[in-house]
Amino acid sequence: MEVVLLPTAQDCGRVVADAVAGSVLAALARGGPVVLGLATGSSPLLAYRELLRRHRDEGLSFAGVHAFLLDEYVGLPAGHPESYREVIRRELTDSLGLDPAVVHGPDGSAADPLQAARDYEQQLLAAGPVAVQVLGIGANGHLGFNEPGSSLASRTRIKTLTEQTRVDNARFFGGDVEAVPRHVITQGLGTILGAQHLVLVATGERKAEAVAAAVEGPLTASCPGSVLQLHPHVTLVVDEAAGSRLARAAHYRYVLGHKLADQGW
Ligand code: GLP
């Protein structure tokens, strides 16, 4: 795992955009179609805006890319503005020029969400592997909506959100916790590990404990983010605040300052 400690959230956005664009373009050069895994939440927003800037100003093209979402709420009507499918279209894929037909997400409005979860796992496996998966991390260490206690080998399935996660996400529902769905469909931790490159971004003091546990703590279901320690290609990008509890921060800074010219992310 490469831990990239940077001064500001803006710096993180630029490096995440570099890492994502680099892996997508390399996969496209090998022959598409290419699968880009997208997370929602606030952490990836600066990176998404940087990708949009490069698309607009520098001609960065994701033609031939299929986007797959990490997770989705259960029970929101199709088209609900806070459904993750609508959020990602609004914040990234429409402006990146991706046809909605190549933006895929779990069907949280399905009559049978259990089957919808199984269907999404199969759809992802058929389209994959995911070339690069963007990730955030919850304050409690969750990845996607894999809450603490999730099996490290789990696949796409229904999960029940903790009250903490519903409180954390209420900001997207006018502050009304009761408006946050209780159930979700999320790629499992085993599913996430199937991606070729994982790029996690975390900023702010609120994530410092989760980042330290994920990177330097034991491999444990109590911190789903610790599953990153099993993956062969992880780029974990944090600002000083989110990296403030990392015991080996000096080492990560030294490595970053001594990379080979073409080492990439
Ligand atoms: C939600 C999402 C996760 C995201 C997490 C942190 O639970 N399902 O994918 O990583 O929130 O969100 P934020 O980046 O807004 O802190």
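Residues numbered from 1 in each chain as written. Predicted model: local features only at pLDDT ≥ 70, side-chain atom pairs only at ≥ 80, totals over all residues. Heavy atoms only, no water.

1. As for helix 7 (residues 208-216)
Move 1: Looking at helix 7, one finds that the buried residues are A208, A210, V211, A212, A214 and V215.
Move 2: For helix 7, the secondary structure elements touched by its buried residues are strand 1 (2-6), strand 9 (198-202), strand 10 (234-239) and helix 8 (249-257). (Buried < 20%, exposed > 50% of the residue type's maximum accessible area, 1.4 Å probe, protein only. Helix = DSSP H or I, 4+ residues; strand = E, 2+ residues; numbered from the N terminus. Contact = heavy atoms within 4.5 Å.)

2. Details of the UniProt feature "domain: Glucosamine/galactosamine-6-phosphate isomerase" (unreviewed entry) in the protein chain
Move 1: According to UniProt, the "domain: Glucosamine/galactosamine-6-phosphate isomerase" (unreviewed entry) feature falls on residues 8-229.
Move 2: Between the first and last C-alpha atoms of residues 8-229 the distance is 25 Å; the span itself is 37% helix and 15% strand. (UniProt positions renumbered as here; feature names shortened; annotations may be inferred.)

3. A word on the packing of aromatic side chains
Move 1: Summed over all chains, the structure comprises 5 aromatic pairs.
Move 2: Relative to Y120, the ring of F68 lies with its centre 5.9 Å away and its plane at 40 degrees, an arrangement referred to as tilted. Placement of the pair is F68 in strand 3 (residues 65-69) and Y120 in helix 4 (residues 113-127), with a sequence separation of 52 residues.
Move 3: A centroid spacing of 5.8 Å and a plane angle of 5 degrees characterise the contact between Y84 and F145, whose relative ring orientation is stacked. Of this pair, Y84 sits in helix 3 (residues 84-93) while F145 is found in the loop between strand 6 (130-135) and strand 7 (157-160), placing the two residues 61 residues apart along the sequence.
Move 4: F145 gets classed as buried once you look at its relative accessible area, which sits at 2%.
Move 5: What links up through ring pairs into an aromatic cluster is the set Y73, Y84, F145 and F173. (Phe/Tyr/Trp six-rings, centres within 6.5 Å; stacked < 30°, edge-to-face > 60°.)

4. Quick notes on the packing of helix 1 (residues 9-30) against helix 2 (residues 45-58)
Each pair of packed helices can be described by the angle between their axes along with the distance between the axes.
Move 1: Between helix 1 and helix 2, the least distance of the axes is 7 Å, while the angle of their chain directions is 60 degrees. Judged on the interaxial angle alone, helix 2 and helix 1 are oblique. For the crossing formed where helix 1 meets helix 2, the hand is right-handed. Of helix 2, the residues touching helix 1 (which contributes A9, Q10, G13, R14, V16, A17, D18, V20 and A21) are L46, A47, E50, L51 and R54.
Move 2: Across the contact of helix 1 with helix 2, the residue classes break down as 8 nonpolar, 2 polar and 4 charged. (Axes fitted to C-alpha atoms, helices over the stretch in contact; angles between N-to-C directions. Parallel < 35°, antiparallel > 145°, perpendicular 65-115°, else oblique. Left-handed = near helix turned anticlockwise from the far one by under 90°. Nonpolar A, V, L, I, M, F, W, Y, C, P; charged D, E, K, R; others polar.)

5. Digging into the layout of surface pockets
Move 1: In this structure, the largest pocket encloses a volume near 380 Å³.
Move 2: T40, G41, I137, H142 and K207 are the residues nearest the centre of the largest pocket, which is lined by 25 residues in total.
Move 3: When residues of the lining of the largest pocket are assigned to their parent elements, the largest contribution, 3 residues, is made by helix 5 (residues 163-169).
Move 4: Of the residues in the lining of the largest pocket, the class split is 9 nonpolar, 11 polar and 5 charged.
Move 5: If you trace the second largest pocket, you find 13 residues lining it, with E72, A78, R85, D107 and S109 closest to the centre.
Move 6: At the level of elements, strand 4 (71-73) and helix 3 are the ones that each hand at least two residues to the lining of the second largest pocket.
Move 7: Residues that form the lining of the second largest pocket fall into these classes: 5 nonpolar, 4 polar and 4 charged. (1 Å grid on protein atoms, 1.4 Å probe; cavity = no way out; pocket = protein on both sides within 12 Å on 5 of 7 lines; lining within 4 Å. Points joined across faces, edges and corners; volume = space filled by probe spheres on them.)

6. Re the pattern of salt bridges
Move 1: Scanning the entire structure with this criterion turns up 19 salt bridges.
Move 2: Note that R89 and E86 form a salt bridge whose closest N and O atoms lie 3.5 Å from each other. Remark: E86 and R89 occur in helix 3; sequence separation between them is 3 residues, near one turn of the helix.
Move 3: With a shortest N-O distance of 3.9 Å, E178 and R166 are connected by a salt bridge. With E178 in the loop between helix 5 and strand 8 (183-186) and R166 in helix 5, the pair connects residues that are 12 residues apart, well separated along the chain.
Move 4: By relative accessible area, E178 is classed as exposed at 57%.
Move 5: The class of R166 is buried, set by a relative accessible area of 2%.
Move 6: If you follow the salt bridges from partner to partner, you end up with D18, E50, R53, R54, R56, D57 and E58 in one network. (Salt bridge = Lys/Arg side-chain N within 4 Å of Asp/Glu carboxyl O.)

7. Looking at the pairing of strand 6
Remark: a regular strand shows side chains that alternate across the two faces of the sheet.
Move 1: Burial of strand 6 is extensive: 6 of the 6 residues sit out of reach of the surface.
Move 2: Taken together, the 3 bridges between strand 2 (residues 34-38) and strand 6 define a ladder with parallel strand orientation. Across the sheet, the residue bridging to L36 is V132, located in strand 6.
Move 3: Both strand 6 and strand 9 contribute to a ladder of 3 bridges, which runs parallel. Bridged to V134 within strand 9 is V199. (Pairing = 2+ DSSP bridges.)

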